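So the chains spell out like this:
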Amino acid sequence: MIQTSDRFRANAARALQDDNLKIALTRTTGLLQRRRAQVIDDYPQYADARARAKTIKDHTLRYLDHYLEMFERNAVANGAVVHWAQTPQEAREIITRLCREAGAQSATRVKSMLGEEIGIAEALEAAEVDRIETDLAEHIIQLATDPPSHVVMPAMHKTREQVADLFDARHDVRPASHDVADLVGSARRELREKFMTADIGISGANFLIAETGAVVTVTNEGNGELTTTPPNTHIVTVGIEKLVPGMDHCAVFLRLLSRAAIGAEITQYTSFYNGPRRDGDADGPETYHIVLVDNRRTEMLGGFLQPMLRCIRCGACMNHCPVYAAVGGHAYGAVYPGPMGSVLTPALSSLKEAKDLPHACTLNGRCKEVCPVDIPLPDMLRSLRARQYQGGLTPPVTAIALKGWAMLARRPQLYRMAAAAVVLAMRLWARGRGRIRWLPGAGGWTRHRDLPAPERGTFMQQYAARQRGRK
Amino acid sequence: MKTAKPPSSPRVGLFVTCLVDAMRPNVGFASLHLLEAAGCTVEVPRAQTCCGQPAYNSGDDATTAAIARGIIEAFEPYDYVVVPSGSCGAMIRSHFDGLFEDGSDMQARQRALSAKTWEILSFLTDVMGFVPEGVRYDGMATYHDSCSGLRDLGVHDQPRALLDQVEGLRLTPLVGHDVCCGFGGTFCVKYPDISNAIVSDKAEAIADTGADTLLAGDLGCLMNMAGKLRRNGETVKAFHTVEVLANMAQGPGLTGEEEA
C-alpha cells in the first residue's frame, strides 16, 4: 500500500466525516473491549503470564541470532526451504521467483500483516498469479479494494450493511439474505472451489519455535488449513521477531494472544506446521518454504525501539485507543495503525514520512495497560517526539510557540505577570459573562467547546493579596 | 500505597499548576484549606510556573529539564510537594526521571523531590489518613478518572473514599470512567477535531448517567468535558473534587455561570 502517514491530519479529517465508519468502529471496538475485560477477569494468572511473556521475548531478542539459526536448522531438518530477506523487495523477489518456478496460476492467501508489510499482492502481480484472499475480512477488503484498517480485523472500517451491499454487487451468486450467516455462506460459496484449485498457499506465522522448527498460526475461520494443505506449494512469510525458544514458551503466548486480541480463551484453530507432506501423509504441500523477513527489525535491536519487537500483533492497543476509535485505521496511512503502528511505522519508514503519528496520541496510557507484553507505547511515542524535536522536524509554528512559552515558564516573575495579563484579557473579552464561546488564538478549543471565564485575578495574585491581608 | 507515618505537621509546598493559577484559583484555595485541615503547614512557593508537560510532550527535553530544575530548587525544602492534578503530579513524580544525567547530583536531587511529590487526593488519604468532616454537597455526581492520575499514580479508590464522607452526595458510575476524555494537553491543540470526537462521546456518557454534577481530579480534563457539556446545552455542573471536599463548590463550577 502507499504510505500516507504524513497526511494523518487530512486523513483523520476525512474519517471524522464518515458516519458509517463511526458506526463500524463503535460497534466493534466496544464489543472487543468488553470481551477482553471479561476473559482477562476469568484468567487469574494473567499478570504472571504477561510478565513471563515479556521476559521470554526479551530473552529471545537478546539471543536472536542464536535462536534464528536454531530455528533454521530445525526447519530445514523438517524439510522446509528457508529463505532470508533483508528488505521487502528481497522478500517479494523470492515470492515472485517461487511462483514462477511452480508455474502457478493462482494463490490462496491467509491474512498476515507481514504479508501486507512486504507487499505480497505486488509480488503475485509481478508473477501474474491470481491472488485469492481467504479470510472473510480480507475477502471483503479485496472486493472493496481497500487496504486493511486493523491488524486482526482488517475490515473493521466496514459495517455489516456495507458488506451486504458489497456481496450483492460482487459475488457470482447473491447472498440469500443480509443475515450474517447468509453473508458468511455466500463468501464460503465464492471461495470454496478456489481453495481446491490453487497452486500455491501463502500464510504468515504467529510464532516460530526455535527448538522444533515449527511455524505456528492461530486462526478462527478454517481458511488457514484450506489454504496451506491442498496446494502443492506452501509459502510462509514471517518477521524474524516472531521467534520463541520452545513449545512451553509458545504456550504462554497462545494463552495471551487470543485473550488480548478477541477476548477468547483460545482460537478455533491452532496449527503447527512442521514441514511438507511426508510419505504416508494423506495430503499437504510437496514443497514448503519459509521466508524470514528482517525489514529493519535488526536496526531496532539494542535501541529504544527494541520493546516494539515484543509485539504479537493482537490489536488490543488499537481496540482501546480513543484516537483509533475516532478516526479508524486508514487515517494512519500505513500497514500498521493505532498505537503500535504509530511506533512501528516511523521505524519501518522514517520519522519524517510518519511525522504526525507520534502526536496522534493523548498519552492516556490505556494501550500500555492492555498490551499483553507490556510495551511502553506512550513512552516510546514521546521519545519519538523528542527525536523529532532534536532533528528539527517540529513544525516551525509549534517550535516558535514553545520557545516563547518556555522563555516565560523559566522565569516565574515574568510568568506571573504574563498569566495575570492573559487572565485579565480573557475577563475583558468575556464581558461579564461566565463563559467564552469564541476566543482568538484558541479557535481549536472554542470551535467545539466553551471556556469558563477566569475568576478575578490569578491564584498567585489572590494568594499574595490574602497573605498581605494576614500581615 | 501507604507510606511511613508523616511528621505530625508536615511542611507542604503546594504546586498550584498553571491551569488552576489562571482558570480556577478556587481549586488552589480548596487545596490549601484541605491540606491545612489535614494538619499540614502549607506554603505556596512563588518561584513556580508549570510542571513542564507542554515542553515534555512536545519532545523538548532541554526546556523540560530547565523547568524541572526550577521546581526542584523551589520545592526541595518541603517535606512534601502536593499537586491538585494527577497529570502534573505524575509529571513531577514519574516523568522527571531521565531528564538529568545518570549519577549526577541533579539526578539525585530530582529523585528525592519526585519521591516526595503527591497528587492531592492520594496524599490526603494515603499519607495523611485524612477523613473529611462536616462536608455537604447536595446532588448526584459522576466521577471521571483522569488518565495520568489513574495509570501513572494509581489514583482510583482515594477520591471515592473521600467523597463517600460527603453528606448529601450520591455517586453514580460513569460508563467509560477510565477512558480518556480527549484533552491530552497539547493534543487538543494539535488535533482539535479528533479531540472533539472523543469528548463528544464522553459528554454523551456523562449526560446518560443523569448526574447533575461531574467530578474529577484534573482541571484540564474538567475544562474539556465541562466546556463540551455546556456547548451541548447540558446543565451538568463540574467541579474539581477538592472544591466539593472543601465545601467550596458553589455555583455551576467549570461549566460557567449562566449568561445574564
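Since the structure is predicted, the reported quantities are computational estimates derived from the model, not experimental observations.

Undergrad: Would you mind going over the overall build of chain A with me for this structure?
TA: For chain A, the count of helices and strands is 22 helices and 12 strands. The proportion of buried residues among the 471 residues of chain A is 48%. If you take every contact in chain A between residues at least 6 apart in sequence, the share linking residues at least 24 apart comes to 74%.

Undergrad: I tried to follow the overall build of chain B on my own but got confused; where do I start?
TA: Secondary structure summary: chain B contains 13 helices and 8 strands in total. Here chain B has a C-alpha radius of gyration of 18 Å; the compact-globule value for 260 residues is 18 Å, and the two agree. Taken along the three principal axes of its C-alpha coordinates, chain B extends 55 × 45 × 35 Å. Within chain B, the proportion of its 260 residues that are buried is 61%. Sequence separation of 24 or more characterises 77% of the internal contacts of chain B that already satisfy a separation of 6 or more.

Undergrad: So what exactly am I meant to see when it comes to the sheet that holds strand β7 (residues 233-239) of chain A here?
TA: Backbone hydrogen bonds are what pair the strands of a sheet, in a parallel or an antiparallel way. Residues and elements named next belong to chain A. A sheet is described by the order of its strands in space; here 6 strands give the open sequence β1-β10-β7-β4-β2-β3, paired in parallel fashion. The open sheet terminates on both sides in strands that have one partner only, identified here as β1 (81-85) and β3 (130-133). Across the sheet, the axes of successive neighbouring strands diverge by a mean angle of 20 degrees, strand direction being ignored. Looking at chain direction, β7 and strand β10 (residues 287-293) are connected through 7 bridges and run parallel.

Undergrad: I would appreciate a short explanation of the sheet that holds strand β6 (residues 214-219) of chain A in the present structure.
TA: Residue and element names in this part refer to chain A. The mixed open sheet is built from 4 strands, whose spatial order is β8-β5-β6-β9. A strand with exactly one partner marks an edge of an open sheet, and here the two such strands are β8 (243-244) and β9 (269-273). Sheet topology places β6 next to β9; 5 bridges connect them, and they run antiparallel. Within β9, the residue paired with Val216 across the bridge is Phe272.

Undergrad: Whenever I open this one, the environment of A:Trp438 confuses me. Can you help?
TA: The residue A:Trp438 is located in the loop between β11 (435-436) and α21 (443-446) in this model. A:Trp438 gets classed as exposed once you count the C-beta atoms within 10 Å, which come to 12.

Undergrad: Sorry, what's going on with the domain arrangement of chain A here?
TA: Each domain of chain A was delimited in the assignment, giving domain 1 (5-299) and domain 2 (406-470). Look at where the C-alpha atoms of domain 1 of chain A and domain 2 of chain A centre, and you get two points 54 Å apart.

Undergrad: Sorry, what's going on with the packing of helix α2 (residues 19-41) of chain A against helix α12 (residues 247-262) of chain A here?
TA: A packed helix pair is summarised by two numbers, namely the angle formed by the two axes and the spacing between the axes. Axis separation between α2(A) and α12(A) bottoms out at 7 Å; the angle between their running directions is 145 degrees. Between α2(A) and α12(A), the contacting residues are A:Leu32, A:Arg35, A:Arg36, A:Val39 and A:Ile40 on the first element and A:Arg259, A:Ala260 and A:Ile262 on the second.

Undergrad: Teacher, can you tell me more about the interface of chain B and chain A here?
TA: It is common to report an interface's size as the accessible area lost on association of the parts. Contacts between the two partners involve 54 residues from chain B and, on the opposite side, 51 residues from chain A. Of all the elements in the fold, those that place two or more residues in the side of chain B that touches chain A are α1 (18-23), α2 (25-37), α3 (53-56), α4 (61-75), α8 (147-153), α10 (187-190), α11 (192-209) and α12 (219-231) of chain B. In terms of residue class, the side of chain B that touches chain A is built from 25 nonpolar, 15 polar and 14 charged.

Undergrad: Please clarify how the nonpolar core should be interpreted in this entry.
TA: Where a protein is soluble and globular, its nonpolar side chains tend to be buried together. In terms of nonpolar packing, the biggest core is built from 221 residues, with A:Cys99, A:Val291, B:Val82, B:Leu214 and B:Met225 touching the most fellow members. Of all the elements, α12(A) adds the most residues to this core, at 8 residues. If near-sequence neighbours (up to four positions away) are discounted, B:Leu214 is found in contact with B:Ala141, B:Thr142, B:His144, B:Ile206, B:Met225, B:Ala226, B:Val236 and B:Ala238.

Undergrad: So what exactly am I meant to see when it comes to the pairing of β10(A) here?
TA: It is a general feature of regular strands that their side chains alternate between the two faces of the sheet. All names here are of chain A. Across the 7 residues that make up β10, a large majority, 6, are buried. Bridge count between β1 and β10: 5 bridges; the pairing is parallel. Within the sheet, the bridge partner assigned to Trp84 lies in β10 and is Leu292.

Undergrad: What's the story with the domain arrangement of chain B in this structure? I'm lost.
TA: Residues and elements named next belong to chain B. Parsing chain B into structural domains produces domain 1 (11-126) and domain 2 (132-245). Each of domain 1 and domain 2 has a C-alpha centre, and these two points are 22 Å apart. Contacts between the two partners involve 29 residues from domain 1 and, on the opposite side, 22 residues from domain 2. Considering only residue class, the side of domain 1 that touches domain 2 consists of 12 nonpolar, 13 polar and 4 charged.

Undergrad: Explain α12(B) to me, please; I cannot follow it from the model alone.
TA: Every α-helix carries 3.6 residues per turn, so stepping three or four residues along brings you back to the same face. All names here are of chain B. Helix length check: α12, at 13 residues, gives a terminal C-alpha distance of 18 Å against a target of 18 Å (1.5 Å per residue), a fit within 8%. Counting buried positions along α12 gives 12 out of 13 residues, so the element sits mostly inside the fold. Taken as a whole, α12 has its buried residues at Leu219, Gly220, Cys221, Leu222, Met223, Asn224, Met225, Ala226, Gly227, Lys228, Leu229 and Arg230. Following α12 by one or two positions, Gly233 has its phi on the positive side, about 85 degrees.

Undergrad: Quick question: what am I supposed to make of helix α20 (residues 412-430) of chain A here?
TA: For α20(A), which comprises 19 residues, the first-to-last C-alpha distance of 26 Å matches the rise-based estimate of 27 Å (1.5 Å per residue) to within 8%. Close packing links the buried residues of α20(A) with α19 (396-409) and α22 (459-470) of chain A together with α1 of chain B. With its phi angle positive at about 45 degrees, A:Arg431 sits one or two positions after the end of α20(A).

Undergrad: Explanation requested: the pairing of strand β8 (residues 237-240) of chain B in the structure shown.
TA: Residue and element names in this part refer to chain B. Side chains Lys237 and Phe239 of β8 all project onto a buried face; the interleaved residues Ala238 and His240 project onto the opposite face, where all are buried too. In this sheet, β8 lies alongside strand β7 (residues 213-216) in parallel orientation, the contact comprising 4 bridges. Bridged to Ala216 within β8 is His240. Following the backbone out of β7, through α12 and into the adjacent parallel β8, one traces a crossover that is right-handed.

Analysis parameters
Residues numbered from 1 in each chain as written. Chains lettered and ligands numbered in written order. Predicted model: local features only at pLDDT ≥ 70, side-chain atom pairs only at ≥ 80, totals over all residues. Helix = DSSP H or I, 4+ residues; strand = E, 2+ residues; numbered from the N terminus. Buried ≥ 20, exposed ≤ 12 C-beta atoms within 10 Å, placed from the backbone. Contact = placed C-beta atoms within 7 Å. Rg over C-alpha atoms; globule rule 2.2 N^0.38 Å. Pairing = 2+ DSSP bridges. Axes fitted to C-alpha atoms, helices over the stretch in contact; angles between N-to-C directions. Domains from an automatic or database assignment. Nonpolar A, V, L, I, M, F, W, Y, C, P; charged D, E, K, R; others polar. Core = buried A, V, L, I, M, F, W, Y, C linked by C-beta atoms within 7 Å. Expected span 1.5 Å × (residues − 1). Right-handed = clockwise from strand over helix to strand, strands pointing away.

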